[in-house]
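# Structural description and commentary
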Amino acid sequence: MMQKRIDELKIKISEAQIGGGQKRIDSQHSKSKLTARERIQLLLDNGSFEELGMLVIHRTTDFGMDEQLFYGDGVVTGYGSIHSRLVYVYAQDFTVFGGSLSETHAEKICKIMDLALKNGAPIIGLNDSGGARIQEGVRSLGGYADIFYRNVKASGVVPQLSAIMGPCAGGAVYSPAMTDFILMVEHSSYMFVTGPNVVKTVTNEEVTAEDLGGAHAHASKSGVTQLTAKNDVDALIQLRKLLAYLPQNCEEKAPSLPYTLKDETVLNLGDHIPNSPNQPYEIKDIISKICDPDSFYEIHSEYAENIVVGFARMEGQSVGIVANQPMVLAGCLDIDSSRKAARFVRFCDCFNIPIVTFVDVPGFLPGTAQEYGGIIKHGAKLLYAYAECTVPKVTVITRKAYGGAYDVMSSKHLRGDVNFAWPNAEIAVMGAKGAVEIIFREDKGDPAKLAAREAEYKARFANPFVAGSRGYIDDVIQPHETRKRICRSLAMLKDKKLENPWRKHGNIPL
């Protein structure tokens, strides 16, 4: 009897492992896409995957569905390890009903999410689905809502990563939208609430799926996705890379890599700053020289490029980097960059990742488009994020810090722990030329007098010493000392404890 059941089990397992059948697997491969099981095997450490729910089948009898039964019901779920650390994963199987979500499909995902919360480990979703299974009606919609609720419960408790590796449309997009990071595969994935056909019907706009919701559109225009990949394999490699910077949950710290202490001075770092205060320079050159070699991993690189965010390591420790980018819009803060940076700062704060901020900001971007678009509210998001943040915060002003943007960019007034400035730093309400034109407007007709006034203003405010005398800057440092001083500051702050007043939750200016 036992052997008979074992043989029966083996048959069921072999049927489950081929999903919708070899023909559909071949179709998936013909599109340069991997199957759900292939993706999981490449993502996880070799031999670590333990599948749960392999034998689940749907319960629908309507529309002849009782004659179409596939083990697993269109999603492969389970757990394994990445870098020898526990993770939970689900991968939608497009070879089974186009990966569409049914009641049982959703139950499998929810079970994995519940286990991740109980055990404090990241959740990774590999999305490749045609959407809700229409044969099930409201039951599939209820399944989506069950997943959404768990996304909210898990937010800030365990890292949630989403890889869009095929279609993701309609209500299905809201689960990835609530996760911490979204990665999309170029030319084979798309996300949108309403597809091109509906858009044409309602608005008479002609647009392709790629232009409406492809990886490039969401990476550069909407900002929905933080990362893009060239293909499935690249996407899985990037997920593994990203997880290396993250802790398992909100109660742990990110793992550190072994590091041998050495002379941490960085020669000629100041040479990157042009003599002219209005000339741009590449902030990423400075970031890469200050952080551990080859450790900077930029996030959201194609969106709101006037601010740079990403992960790096300082003496092996995982840190979050936020930096104004003088190469784009002179480094001004605007609506998109404020939202981008605020989201990143809040993520780092959720998961105990120290934040290093490089400041070169002439202010907020002026204009009616910004004002009508709500720059007041959106700029306040970044201010709120830094003020609320309790992780170690080290700030370096490399050149300009003007106006309200000085306050917003992790200033001492927002509980910055250690704030440095380079000797050439300018900390003031605004640039010297604009300031004297306002203060001494009666001298407008006298260029020589205005020039003298501008020189006086620069001498008094276009330096970090006034802020230093007030204690707003902890030290004025030479550029070559920057890495050493940041590393020592982070080491000093490693056991920092800071709690916000108890409350149900704050009311961030959404």
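Here's a quick rundown of the structure. Owing to the predicted nature of the structure, the values given are computational and were not obtained by experimental measurement.

## Some details on the packing of helix α3 (residues 36-43) against helix α10 (residues 232-243)
The N-to-C vectors of α3 and α10 enclose an angle of 40°; their axes lie 9 Å apart at closest approach. In terms of orientation, α3 lies oblique with respect to α10. In terms of crossing hand, the pair formed by α3 and α10 is right-handed. Contacts between α3 and α10 involve R39, L42 and L43 from the former and D232, V233, L236, L239 and R240 from the latter. Its residues assigned to classes, the contact of α3 with α10 shows five nonpolar, no polar and three charged.

## Here's the deal with helix α9 (residues 215-222)
In an α-helix, one turn spans 3.6 residues, which is why side chains three or four residues apart end up on the same side. Three or more residues of α9 are buried, namely A215, A217, H218 and A219. The inward-facing, buried residues of α9 abut β7 (181-185), β8 (190-192), α8 (209-213) and β9 (227-229). One or two steps after α9, the chain reaches G223, where phi turns positive at roughly 75°.

## Examining the pattern of salt bridges
According to the stated counting rule, one finds 21 salt bridges in the structure shown. Among the salt bridges present, the one from D73 reaches R133, with a minimum N-O distance of 2.8 Å. With a gap of 60 residues between them, D73 in the loop between β1 (50-52) and β2 (75-82) and R133 in the loop between β4 (123-127) and α5 (138-154) connect regions that are remote in the sequence. R133 shares its class with D73; the two are buried. As a salt-bridge pair, D417 and K496 come within 2.7 Å of each other at their nearest N and O atoms. On the criterion of sequence distance, the pair formed by D417 in the loop between α15 (403-408) and β15 (418-421) and K496 in the segment after α19 (482-492) is long-range, its members being 79 residues apart. On the accessibility criterion, D417 (23% relative accessible area) is partly exposed. Using a relative accessible area of 23% as the deciding quantity, one classes K496 as partly exposed.

## A look at the packing of aromatic side chains
Going through the model one piece at a time under the given rule, you end up with eleven aromatic pairs. Ring centres of Y245 and Y297 lie 6.2 Å apart, and the angle between their planes is 20°; on these two criteria the pair is classed as stacked. Pair noted here: Y245 is in the loop between α10 and α11 (283-290) and Y297 is in strand β10 (residues 297-299), with a separation of 52 residues, a long-range link. With centroids separated by 5.9 Å and ring planes inclined at 20°, the aromatic side chains of Y245 and F311 adopt a geometry described as stacked. Of the two residues, Y245 sits in the loop between α10 and α11 while F311 sits in strand β11 (residues 307-314), which places them 66 residues apart along the sequence. When its relative accessible area of 0% is taken as the criterion, F311 is described as buried. Each residue in the set F181, Y245, Y297, F311, F344, F347 and F351 is aromatic and connected to the rest through ring pairs, giving one cluster. Cation over ring: K33 sits above F94, and NZ or CZ is 5.0 Å from the ring centre.

## A closer look at the packing of helix α16 (residues 432-439) against helix α17 (residues 447-461)
Running from N to C, α16 and α17 cross one another at 120°; their axes reach a closest spacing of 9 Å. Compared by their axis directions, α16 and α17 come out oblique. Crossing geometry of α16 relative to α17 is assigned as right-handed. Of the residues in α17, those touching α16 at A432, K433, A435, V436 and I439 are L450, R453, E454, Y457 and K458. Per-class residue counts for the contact of α16 with α17 are six nonpolar, no polar and four charged.

## Quick notes on a nonpolar patch on the surface
Together, V429, M430, I438 and I439 give the surface a local cluster of nonpolar side chains, amounting to about 360 Å² of exposed area. With respect to the secondary-structure elements, I439 resides in helix α16.

## Some words on unusual backbone geometry
Positive phi, close to 70°, is recorded for H187, a residue that is not glycine. Note that H187 resides in the loop between β7 and β8. Exposure remark for H187: the relative accessible area of 68% places this residue in the exposed category.

Procedures and definitions
Residues numbered from 1 in each chain as written. Predicted model: local features only at pLDDT ≥ 70, side-chain atom pairs only at ≥ 80, totals over all residues. Heavy atoms only, no water. Axes fitted to C-alpha atoms, helices over the stretch in contact; angles between N-to-C directions. Helix = DSSP H or I, 4+ residues; strand = E, 2+ residues; numbered from the N terminus. Parallel < 35°, antiparallel > 145°, perpendicular 65-115°, else oblique. Left-handed = near helix turned anticlockwise from the far one by under 90°. Contact = heavy atoms within 4.5 Å. Nonpolar A, V, L, I, M, F, W, Y, C, P; charged D, E, K, R; others polar. Buried < 20%, exposed > 50% of the residue type's maximum accessible area, 1.4 Å probe, protein only. Salt bridge = Lys/Arg side-chain N within 4 Å of Asp/Glu carboxyl O. Phe/Tyr/Trp six-rings, centres within 6.5 Å; stacked < 30°, edge-to-face > 60°. Lys NZ or Arg CZ within 6 Å of the ring centre and 35° of its normal. Patch = residues over 30% accessible without salt bridge, like charges linked within 9 Å, V, L, I, M, F, W, Y side chains within 5 Å. Areas by Shrake-Rupley, 256 points an atom, 1.4 Å probe, with all protein chains shown as cover.

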